[in-house]
Amino acid sequence: MSWRKDPGRTERGYHHGNLKEALLQAALDLIATKGAAGFTFADAARIAGVSPAAPYRHFRDRDELLSSIAQRGFEQFESALSEAWDDGRPDTVSAFERVGKAYLAFAREKPAFYSAMFESGLAADVSAGLQAAGERAFAVIRAAAERVAALAPPGSPRPPALMMALHIWSMSHGVASLFARGDAARRKLPMSAEELLEAEVLIYLRGLGFLTDRRSAAQETQGKDQGKDQAKNQGKTPSGPPPLPPDPPRGPPSGPWGRPK
């Protein structure tokens, strides 16, 4: 790797008050080439073109720099997942599939952020902002799991949404980390990562007793959605999106990105 600085960008970043952003970008560049654990605070300063002491103007240490990158990554991650989920439109099954694809796309398109978010070795409570951003991203997966759990066949016990969300997250994360990366850590597959994740989720849902035939599942979703629309037109349901079904009783909530609150 070349450590040569870009004098023009460096001087502008420092003198125009953009040192913080310059350090964040320098750290992202280093993560992309060396991994989240492969650089020092001094390395980031060197790439940004400032003295080793300059980063302390904005960050306490390397961990705080990394946590800022991870928090920004989770914020972008949440946005991508939320856009894909789109409150379950046009139907739960299609929206749920889009969430999985968005997860893989983020790992592929933003590997440096992904590495900072999941491979930095930071303590779960190193930053309140980081922890909150991670939980907001997971909340999108949980909302999707709530809707999917509501599609349990009549007479079958509805699985806890939190359990389903954790299982789906684990499957998505495993496929993304092994096969959907945008860096050298990606393994080769005889199929696409999206196809692998879809097959894995279908097997999982089948094990829980869900309909796995795409047409049957779509009809089930459409029927329930139409039923809600009819009730709404009759004045039985308030305006706005249908409420999520309640979870079975459980203990205090926890986020999968870190320790329970």
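Everything below is about the structure shown above.
Residues numbered from 1 in each chain as written. Predicted model: local features only at pLDDT ≥ 70, side-chain atom pairs only at ≥ 80, totals over all residues. Heavy atoms only, no water.

> Which residues make up the pattern of salt bridges, and what are the values?
This model, assessed by the stated rule, comprises 11 salt bridges. When the shortest N-O distance is used, the salt bridge between D87 and R89 registers 3.9 Å. Residue classification places D87 among the partly exposed residues on the basis of a relative accessible area of 31%. Where R147 meets D87, a salt bridge forms, and the shortest distance between an N and an O atom there is 3.0 Å. (Salt bridge = Lys/Arg side-chain N within 4 Å of Asp/Glu carboxyl O. Buried < 20%, exposed > 50% of the residue type's maximum accessible area, 1.4 Å probe, protein only.)

> Go over helix α5 (residues 92-109), please, and point to the residues and values.
Each α-helix winds once per 3.6 residues, and so residues spaced three or four apart point in a common direction. Its 18 residues give α5 an end-to-end C-alpha distance of 25 Å, which sits within 8% of 26 Å, the value for a rise of 1.5 Å per residue. Inspection of α5 places T92, A95, F96, V99, G100, A102, Y103, L104, A105, F106 and A107 among the buried residues, and these make up the whole buried set. The residue sitting at the N-terminus of α5 and contributing the capping side-chain oxygen is D91; that oxygen lies 3.2 Å from the backbone nitrogen of V93. (Helix = DSSP H or I, 4+ residues; strand = E, 2+ residues; numbered from the N terminus. Expected span 1.5 Å × (residues − 1). Polar contact = N/O pair within 3.5 Å; in protein donor to acceptor, adjacent residues only side chain to side chain.)

> Quick one: what's the story with the packing of helix α4 (residues 62-85) against α5, residue by residue and with numbers?
As a packed pair, α4 and α5 sit with axes 7 Å apart at the nearest point and diverge in direction by 150°. Classified by the angle between their axes, α4 and α5 sit roughly antiparallel to one another. Where α4 crosses over α5, the two elements pack in a sense that is right-handed. Of α5, the residues touching α4 (which contributes G73, Q76, F77, A80, L81, A84 and W85) are T92, A95, F96, R98, V99, A102, Y103 and F106. (Axes fitted to C-alpha atoms, helices over the stretch in contact; angles between N-to-C directions. Parallel < 35°, antiparallel > 145°, perpendicular 65-115°, else oblique. Left-handed = near helix turned anticlockwise from the far one by under 90°. Contact = heavy atoms within 4.5 Å.)

> Can you break down helix α2 (residues 19-34) residue by residue, with the values?
When the terminal C-alpha atoms of α2 are compared, their 22 Å separation across 16 residues agrees well with the 22 Å that a helix rising 1.5 Å per residue should span. Looking at α2, one finds that the buried residues are L19, L23, L24, A26, A27, L28, L30 and I31. G35, located one to two residues past α2, shows a positive phi value of around 90°.

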